[in-house]
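Residue-level listing of the chains:
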Amino acid sequence: MAPIAVGDTLPDGTVAYFDEQDELKTASVHSLTAGKKVILFGVPGAFTPTCSLKHVPGFIEKAEELKSKGVDDILLLSVNDPFVMKAWAKTYPENKHIKFLSDGSGKYTRELGLELDLSEKGLGIRARRFALLVDDNKVKVANVETGGEFTVSSAEDILKAL
């Protein structure tokens, strides 16, 4: 399947997350994105070096600036179970704006055409690193990395696009 691209409609799918009351919830992606300007960014894995030390902290640091430019929500997607995503989110006590979403089976990542096979490294099928700017389920910016690179999907890259 071709990777999601500018002009595409964001596919719907189900993701899981823990809410503010620490309850496990599932939601359709469209319920989180319809009628809103949203950043959906994806990472290969929770607790991995580039994801944990650069990608997520960049979005936490720039969240207020992104919101000031009209972004309603910032959603992080990873092919990890919701319990791992919850534990990972807790390592960022300064985070006030990013919702950590679990695509435990990788099904939604496949729908996006953004799977990354890291089986040789013992990690299985994961998400490619990416950042999408979505306005009412229409993709306006699709910054998708090759392999494990981190060159086009940062918070700064999305700010430039805004």
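Computed from a predicted model, the values in this text were never measured in an experiment.

Parameters and conventions
Residues numbered from 1 in each chain as written. Predicted model: local features only at pLDDT ≥ 70, side-chain atom pairs only at ≥ 80, totals over all residues. Heavy atoms only, no water. Phe/Tyr/Trp six-rings, centres within 6.5 Å; stacked < 30°, edge-to-face > 60°. Helix = DSSP H or I, 4+ residues; strand = E, 2+ residues; numbered from the N terminus. Buried < 20%, exposed > 50% of the residue type's maximum accessible area, 1.4 Å probe, protein only. 1 Å grid on protein atoms, 1.4 Å probe; cavity = no way out; pocket = protein on both sides within 12 Å on 5 of 7 lines; lining within 4 Å. Points joined across faces, edges and corners; volume = space filled by probe spheres on them. Nonpolar A, V, L, I, M, F, W, Y, C, P; charged D, E, K, R; others polar. UniProt positions renumbered as here; feature names shortened; annotations may be inferred. Contact = heavy atoms within 4.5 Å. Salt bridge = Lys/Arg side-chain N within 4 Å of Asp/Glu carboxyl O. Arc of directions from axis to C-beta. Polar contact = N/O pair within 3.5 Å; in protein donor to acceptor, adjacent residues only side chain to side chain.

Chemist: Could you give an account of the packing of aromatic side chains, naming the residues involved and the relevant values?
Modeler: In total, this model carries 6 aromatic pairs according to the counting rule given. With centroids separated by 4.0 Å and ring planes inclined at 20°, the aromatic side chains of phenylalanine 41 and phenylalanine 59 adopt a geometry described as stacked. Linking phenylalanine 41 in strand 3 (residues 37-43) with phenylalanine 59 in helix 2 (residues 49-68), this pair joins segments that are 18 residues apart in sequence. Neither residue differs from the other here; phenylalanine 41 and phenylalanine 59 are each classed as buried.

Chemist: Describe the layout of surface pockets, listing the residues and the values that go with them.
Modeler: As a volume, the largest pocket reaches approximately 540 Å³. Along its surface, the largest pocket is lined by 25 residues, and Phe18, Glu20, Ile98, Lys99 and Phe100 are the ones closest to its centre. Of all the secondary-structure elements, those providing two or more residues to the lining of the largest pocket are strand 1 (14-18), strand 4 (73-78), helix 3 (82-89) and strand 5 (98-102). A per-class count over the lining of the largest pocket returns 13 nonpolar, 3 polar and 9 charged.

Chemist: If you had to explain the UniProt feature "active site" (unreviewed entry) in the protein chain to someone new, which residues and values would you point to?
Modeler: The positions UniProt marks with the feature "active site" (unreviewed entry) are Cys51. Positionally, cysteine 51 belongs in helix 2. Residues contacting cysteine 51, with those up to four places away along its chain left out, are Val43, Pro44, Gly45, Val56, Pro57, Trp88, Tyr92 and Arg129.

Chemist: I'd like a description of the environment of glycine 58, backed by residues and values.
Modeler: Among the secondary structure elements, glycine 58 is positioned in helix 2. Take glycine 58: its relative accessible area is 12%, and that puts it in the buried class. For glycine 58 and alanine 155, which are 97 residues apart along the polypeptide, the C-alpha to C-alpha distance reads 5.7 Å.

Chemist: Hey, could you go over the pattern of salt bridges for me, with residue numbers and the actual values?
Modeler: Taken as a whole and assessed by the stated rule, the structure comprises 4 salt bridges. Notably, a salt bridge pairs aspartate 22 with lysine 86, separated by 3.0 Å at the nearest N-O pair. Of this pair, aspartate 22 sits in the loop between strand 1 and strand 2 (24-28) while lysine 86 sits in helix 3, placing them 64 residues apart in sequence. Relative accessible area serves as the criterion here: at 41%, aspartate 22 is assigned to the partly exposed category. Residue lysine 62 pairs with glutamate 65 through a salt bridge whose shortest N-O separation is 4.0 Å.

Chemist: Which residues make up helix 3, and what values go with them?
Modeler: A turn of α-helix holds 3.6 residues, and therefore any two residues three or four places apart point the same way. Turning to helix 3, its buried residues are Pro82, Met85 and Trp88. The buried side chains of helix 3 occupy one side of the element, clustering within an arc of 120° when seen end-on. Buried residues belonging to helix 3 abut strand 1, strand 2, strand 3, helix 2, strand 4 and strand 5. Among the residues of helix 3, the N-terminal cap falls to aspartate 81, whose side-chain oxygen and the backbone nitrogen of phenylalanine 83 are separated by 2.8 Å.

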